[in-house]
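Chain by chain, the residues run as shown.
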Amino acid sequence: KAGVTQTPRYLIKTRGQQVTLSCSPISGHRSVSWYQQTPGQGLQFLFEYFSETQRNKGNFPGRFSGRQFSNSRSEMNVSTLELGDSALYLCASRGGDYGYTFGSGTRLTVV
Amino acid sequence: QQQVKQSPQSLIVQKGGISIINCAYENTAFDYFPWYQQFPGKGPALLIAIRPDVSEKKEGRFTISFNKSAKQFSLHIMDSQPGDSATYFCAASGPLRDDKIIFGKGTRLHILP
């Protein structure tokens, strides 16, 4: 079965701009989580959506937001980009068990 | 209390040797402890996981040892191979299926050929 698909794979944006990242989970998975990965901080939890509702939220500013559609696809948005937002953004879907299946991520560079 | 502390940050092991990565946690409500393996350009992939009702779990060359009283767990890679060179993350999650997974900061493992 198809894995978790994230688009785009790479993005370059300018400070102050906004960006939208997309994630298609494994078919049948209703939970989608987003993580930010940086060399210094590791994997930091952003938020989780389940059946179109935000179920968990990490400690990120309000510039980071997300949503989930009825087909379980999810998007995350970052507004007013800062240099420090440069990171690999990972999406993970979860089915009936506890483990995550991650996508390959979107590499965001803010210049 | 939500942290998972992982060490070392980086590790170099000779081919055929044993690689050992350690993790510690504080939150006694955690009851699911997975390890993820990440290769460059890829997302992390679930490698092996354990629950606190057992002290050890083995899958092939990979073993998790779990010490509930010390709130520590470790990953042992036996007969380490160059293909094992990757970043490894330990993680922990609470008792509910929808609890988020908290990750350690990762260990970069390099196996010398």
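In case you missed it, the structure is sitting above this.
These numbers come from a predicted model, not from an experiment. Going along each chain's sequence as written, the residues are numbered from 1 onward. The order in which chains are written sets their letters, starting at A; the order in which ligands are written sets their numbers, starting at 1. With the structure being a predicted model, the display of local features is reserved for residues of pLDDT at least 70 and the display and counting of side-chain atom pairs for 80 or more, all residues being used for whole-chain, interface and lining totals. Side-chain descriptors were evaluated using all non-hydrogen atoms of the structure, hydrogens and water having been removed beforehand.

Quick look at the overall build of chain B
Helix and strand counts for chain B stand at zero helices and 11 strands. As defined in this context, the radius of gyration uses C-alpha atoms, and a globule is described by 2.2 Å times the residue total to the power 0.38. For a compact globule of 113 residues, the expected C-alpha radius of gyration is about 13 Å, and chain B comes in at 13 Å, within 12% of that figure. Taking the principal axes of its C-alpha atoms as reference, chain B extends roughly 40 × 30 × 20 Å. With 113 residues in all, chain B has 45% of them scored as buried. What makes two residues a contact is simply this: any of their non-hydrogen atoms within 4.5 Å. Contacts spanning at least 24 positions in sequence make up 54% of the contacts within chain B whose residues lie at least 6 apart. Here chain B contributes 13 positive and 9 negative side-chain charges, whose respective centroids are spaced 6 Å apart. Working definition: helices are DSSP H or I runs of at least four residues, strands are E runs of at least two. Numbering for both runs from the N terminus. Only protein chains enter the accessibility calculation, which uses a 1.4 Å probe; a residue whose area is less than 20% of its type maximum is buried, one above 50% is exposed, and one in between is partly exposed. For the charge count, each Lys or Arg is scored as positive and each Asp or Glu as negative, with His and the chain ends excluded. Positions of charges follow a simple convention, taking NZ of Lys, CZ of Arg, CG of Asp or CD of Glu.

Description of the packing of aromatic side chains
Residue and element names in this part refer to chain B. In this analysis, rings of Phe, Tyr and Trp, with Trp reduced to its six-membered ring, are considered paired at centre separations within 6.5 Å, and the interplanar angle assigns stacked below 30 degrees, edge-to-face beyond 60, and tilted for intermediate values. Counted under the stated rule, the structure contains 19 aromatic pairs over all chains. Consider the rings of Tyr-25 and Phe-73, whose centres lie 6.2 Å apart with planes at 55 degrees: the pair is tilted. Of this pair, Tyr-25 sits in strand S3 (residues 19-25) while Phe-73 is found in strand S8 (residues 72-77), placing the two residues 48 residues apart along the sequence. Judged by its relative accessible area of 5%, Tyr-25 falls in the buried class. Looking at Phe-73, the relative accessible area reads 2%, which means it is buried.

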